[in-house]
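One-letter residues, chain by chain:
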Amino acid sequence: MELLTAKNFFFDRMLPVRLFYTRCSEVAAWHSHEFSEIAIILSGAADYQTDFSTAKISAGDVLVMPAGGSHRFTDEVDIEQFNVLFQFEKLPIPGRDITRHPGFSALFRLNPEYCRKTGHYPRFRIENEQVMERVRFMLTNAYRDQESKSPGYPLSVYGTFLQLIPILLENYCRTASEKNLTCSPEHLADCLDFMQRNFRKELSTARLAAEARMAPASFVRHFRAATGCGPQEYLIKMRLDEACILLQNLELSISEAALQSGFDDSNYFSRLFKRKNGISPREYRSLLKR
């Protein structure tokens with residue numbers, strides 16, 4: 001099985017996104033890659049095979065392929081698609097609202113290894129023809145800029161990717177709602193979205209398990225497999241990330257930033273902050289002033 005490496009696809013280190021337009025699958029054999037991929041089917045049909053399933057796909061289907069996931073297309077009939085390759089961990093996503101959108105966790109935050117273990121790669125549809133035309137128009141223009149290397153093309157590609165995310169999230173959530181999906185990755189993603197909206201509050205493991213519709217013991221096991229840490233540790237990471245943002249507001253005291261991040265004890269906050277970042281909140285703020 002061929003492994004497609006990032007160094008052969010991402011030539012601009014400042015732009016971890018690359019677009020491909022194809023009328024047939026260029027890699028017909030089984031393959032995986034070191035990066036994530038979103039395939040948007042514009043027209044035609046094919047069989048989409050993964051490690052654990054085979055499905056018929058056609059115009060309007062959107063396939064999210066995590067890093068390391070094996071897949072291929074077979075029995076293609078006039079297939080036309082845009083492939084968006086990206087290294088999400090290297091992308092600076094502006095603003096926090098988009099990360100709190102329902103569905104964001106299912107598409108971008110779940111551990112790829114967890115997706116493979118549960119036999120679930122996200123797949124959904126864009127049914128609205130006008131939305132599909134808008135997506136085609138956006139990607140076509142960005143692709144042309146990328147291929148011609150026109151001035152400012154990285155901004156064109158990156159901006160198009162950011163515009164694409166809310167469209168994908170909206171249609172993913174609509175598909176999930178219509179199908180009433182019940183597999184555990186979906187429920188775990190619901191829980192992660194709930195945590196993102198409520199991380200400042202005291203959230204017990206039992207409360208989080210209820211959001212994921214799992215028994216607490218099973219929830220902790222699935223959560224650790226999906227994120228690499230336990231739910232309470234994940235909450236603390238969220239609060240510390242929020243604190244880094246709030247500390248940039250020099251009008252807030254360190255105690256106020258800690259409190260607004262969800263920490264009642266500023267001394268405890270300072271210890272955790274230094275453990276994670278290697279410097280104290282005060283030292284962090286001093287660096288911001290330079």
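Please read these numbers as outputs of a predicted model, since none were measured by experiment. (Residues numbered from 1 in each chain as written. Predicted model: local features only at pLDDT ≥ 70, side-chain atom pairs only at ≥ 80, totals over all residues. Heavy atoms only, no water.)

Some details on the environment of Leu 4
Basically, it comes down to this: Numbering goes from the N terminus for both helices and strands, where a helix is a DSSP run of H or I of at least four residues and a strand is a run of E of at least two. Only heavy atoms enter the contact rule, under which two residues are in contact if any of them lie within 4.5 Å.
Mapped onto the elements of the fold, Leu 4 is located in strand 1 (residues 2-4). Along the sequence, Leu 4 and Ala 67 sit 63 residues apart, while their C-alpha atoms lie 9.9 Å from each other. Ignoring any residue separated from it by four or fewer positions in sequence, one finds Leu 4 in contact with Phe 9, His 31, Ser 32, His 33, Glu 34 and Phe 35.

Side note on the pattern of salt bridges
Applicable threshold: Every case where a carboxyl oxygen of Asp or Glu lies within 4 Å of a side-chain nitrogen of Lys or Arg is listed as a salt bridge. Type-normalised accessible area, obtained with a 1.4 Å probe on protein chains alone, sets the label of each residue: buried when under 20%, exposed when over 50%, and partly exposed for intermediate values.
In the structure shown here, the tally under the stated rule is 9 salt bridges. The shortest N-O distance in the salt bridge between Arg 136 and Glu 80 comes to 3.1 Å. In this pair, Arg 136 is assigned in helix 3 (residues 129-148) and Glu 80 in strand 7 (residues 71-86), connecting sequence segments 56 residues apart. The class for Glu 80 is buried, based on a relative accessible area of 7%. For Glu 133, the salt bridge goes to Arg 136, with nearest N and O atoms at 4.0 Å. One end of the pair, Glu 133, and the other, Arg 136, are both in helix 3, 3 residues apart, so they sit about a helical turn from each other. Residues participating in the shared-partner salt-bridge network are Arg 23, Glu 80, Glu 133 and Arg 136.

Brief notes about the packing of helix 8 (residues 231-246) against helix 9 (residues 254-261)
Going by this rule: The angle between two axes is taken between their N-to-C directions and runs from 0 to 180 degrees, where each axis is a line fitted to C-alpha atoms and a helix contributes only its stretch in contact. When an angle is under 35 degrees it counts as roughly parallel; over 145 it counts as roughly antiparallel; between 65 and 115 it counts as roughly perpendicular; any other value is oblique. Rotating anticlockwise by less than a right angle from the far helix to the near helix defines a left-handed crossing, while the corresponding clockwise rotation defines a right-handed one.
At a minimum axis distance of 9 Å, the contact between helix 8 and helix 9 shows a crossing angle of 140°. In terms of axis orientation, helix 8 runs oblique to helix 9. Handedness of the helix 8/helix 9 crossing: right-handed. For the pair helix 8 and helix 9, the contacting residues are Arg 239, Glu 242, Ala 243 and Leu 246 in the first and Ala 257, Gln 260 and Ser 261 in the second.

Let's talk about unusual backbone geometry
The backbone phi angle of Asp 75 is positive, close to 50°, even though this residue is not glycine. Tracing the backbone shows Asp 75 in strand 7. A positive phi angle, close to 50°, is found at Lys 149, a residue other than glycine. Along the chain, the position of Lys 149 falls in the loop between helix 3 and helix 4 (153-179).

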